[in-house]
Amino acid sequence: MPPLLDNARADPATRTQIEPEVDLNVGAALDLPWRTIVWNDPVNLMSYVVYVFRSYFGFSRAKAERLMLEVHNDGKAIVAVGGREEMERHVAAMHDYGLWATLEKAPQ
Amino acid sequence: MRVFRARRSGDIEARLDGPPRVALVRLADEMIELLDFDAGVSDLGDGPSAALDPAVFRLVPDAYPHDPAASDEFRRLTQSDVLDAKREHARTISAAFGAEDTIVVLDASATQSVLRGLTDLRLVLAERLDIHEDGDEGRTDGDSAFAQQLYWLLGALQEDLVTALSH
């Protein structure tokens, strides 16, 4: 799917404007078929979830807040895509932070 | 509630006294007991998740919700490390706030342990209070009133610590 690969090569400024869709599709195109998902729970504070996304994944405040709101409003958010071992490391790390995280294979 | 403050050095200082401090240490000690007890029980077999206390299960949820075999394998590989880390978080809280010092000083590593340990304590209390979804107020019967107070105290402490870390 050429458009996806074009997006992957686009300059960083352009990429940030069109994520997260681009991130995920590029992941699939590069055979990185696993996803780390963080689920909504009534316990974790919104400020804490943003803090975890920023400090663990290194996301910008804007991206961390957007993903936190996605978790809060939609019940879950995909926070990382990649190889299975890497996603398992992320899930264990999220459990250490006390976040409810799972992994799953991306749809083919 | 203003308990935590960032120092110029990057350390975090905490001023907490009275009943909230006593309650926090007691809860952390109970968490250590819970994890020690569960570690003993889960060694008995029947798969790594079979014997988990529901509150501990909440600390280490299934990694593969639709694949029990993969979840069990994930537990075999990671669960004891994650729970050991959680025990260490609780120990850090207990040691720091169980000491005599009026002002508790936390370095970066201790701060992370306290932050995550507060989350763990809230997760366990939420399970005991039947708080499972947004909007759940949880049990309010007589025995639960104190747990409710602790749950909200821990939330206020955590919010305050996140604020101190974000400045």
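**Student:** Looking at this structure, how should I read the overall build of chain A?
**Tutor:** Within chain A, the secondary structure is distributed over six helices and three strands. Beginning at the N terminus, the succession of helices and strands in chain A can be written as α-α-α-β-α-α-β-α-β. When the 108 residues of chain A are sorted by exposure, 45% land in the buried category. Contacts spanning at least 24 positions in sequence make up 67% of the contacts within chain A whose residues lie at least 6 apart. Total accessible area on chain A stands at roughly 5,500 Å², and carbon and sulfur atoms take up 55% of it.

**Student:** Mind showing me how you'd approach the overall build of chain B here?
**Tutor:** Along its length, chain B carries five helices and three strands. In chain B, the order of α-helices and β-strands from amino to carboxyl end is β-β-α-α-α-β-α-α. Whereas a compact globule of 167 residues would reach a radius of gyration of roughly 15 Å, chain B reaches 17 Å, a difference of no more than 12%. When burial is assessed residue by residue, chain B has 50% of its 167 residues classed as buried. Expressed as a percentage of contacts within chain B between residues at least 6 apart in sequence, the contacts between residues at least 24 apart total 66%. A total of about 8,400 Å² of accessible surface is found on chain B, and carbon and sulfur atoms cover 52% of it. Distance between charge centres in chain B, computed from 17 positive and 32 negative side chains, equals 7 Å.

**Student:** Quick question: what am I supposed to make of the sheet that holds strand 3 (residues 101–105) of chain A here?
**Tutor:** Sheet strands associate in pairs through backbone hydrogen bonding, adopting either a parallel or an antiparallel arrangement. All names here are of chain A. Pairing is antiparallel in the open sheet, where three strands are placed in the order 2-1-3. In this open sheet, the two edge strands, each paired with only one partner strand, are strand 2 (76–82) and strand 3. Recorded for the sheet is a direction-independent mean angle of 30 degrees between the axes of neighbouring strands. Across six bridges, the pairing between strand 1 (residues 34–39) and strand 2 is antiparallel. Across the sheet, Val38 pairs through a bridge with Ala77, a residue of strand 2. Across the sheet, helix 6 (residues 84–97) lies against strand 1, strand 2 and strand 3, angled at about 165 degrees from strand 3, the strand it touches most.

**Student:** Help me understand the pairing of strand 2 (residues 12–15) of chain B, please; the structure alone is not making it clear to me.
**Tutor:** Residues and elements named next belong to chain B. Bridge count for strand 1 (residues 4–6) against strand 2 is three bridges, and the pairing is antiparallel. Its bridge partner being in strand 2, Phe4 is matched across the sheet by Ala14. What sits between the antiparallel neighbours strand 1 and strand 2 is a turn of five residues, in which Gly10 has the positive phi angle 100 degrees. Of the strand pairs in this sheet, strand 2 and strand 3 (residues 103–106) are connected by four bridges, and their pairing is antiparallel.

**Student:** Could you clarify how one ought to interpret the interface of chain A and chain B in this entry?
**Tutor:** One widely used convention gives an interface's size as the accessible area the parts lose upon coming together. Taken together, the contact between chain A and chain B spans 23 residues of the former and 33 residues of the latter. With both sides pooled, the region where chain A packs onto chain B buries about 2,300 Å², and carbon together with sulfur makes up 58% of that total. At the surface where chain A touches chain B, the tally comes to 13 residue pairs in polar contact (both at pLDDT 80 or more). Taken together, the elements giving at least two residues each to the side of chain A that touches chain B come down to helix 4 (46–57), helix 6 and strand 3 of chain A. If you tally residues by element for the side of chain A that touches chain B, the top one is helix 6 of chain A, at seven residues. Taken together, the residues of the side of chain A that touches chain B sort by class into 12 nonpolar, seven polar and four charged.

What counts, and at which threshold
Residues numbered from 1 in each chain as written. Chains lettered and ligands numbered in written order. Predicted model: local features only at pLDDT ≥ 70, side-chain atom pairs only at ≥ 80, totals over all residues. Heavy atoms only, no water. Helix = DSSP H or I, 4+ residues; strand = E, 2+ residues; numbered from the N terminus. Buried < 20%, exposed > 50% of the residue type's maximum accessible area, 1.4 Å probe, protein only. Contact = heavy atoms within 4.5 Å. Areas by Shrake-Rupley, 256 points an atom, 1.4 Å probe, with all protein chains shown as cover. Rg over C-alpha atoms; globule rule 2.2 N^0.38 Å. Lys, Arg positive; Asp, Glu negative; His and termini not counted. Charge placed at Lys NZ, Arg CZ, Asp CG, Glu CD. Pairing = 2+ DSSP bridges. Axes fitted to C-alpha atoms, helices over the stretch in contact; angles between N-to-C directions. Buried area = accessible area lost by both parts, 1.4 Å probe. Polar contact = N/O pair within 3.5 Å; in protein donor to acceptor, adjacent residues only side chain to side chain. Nonpolar A, V, L, I, M, F, W, Y, C, P; charged D, E, K, R; others polar.

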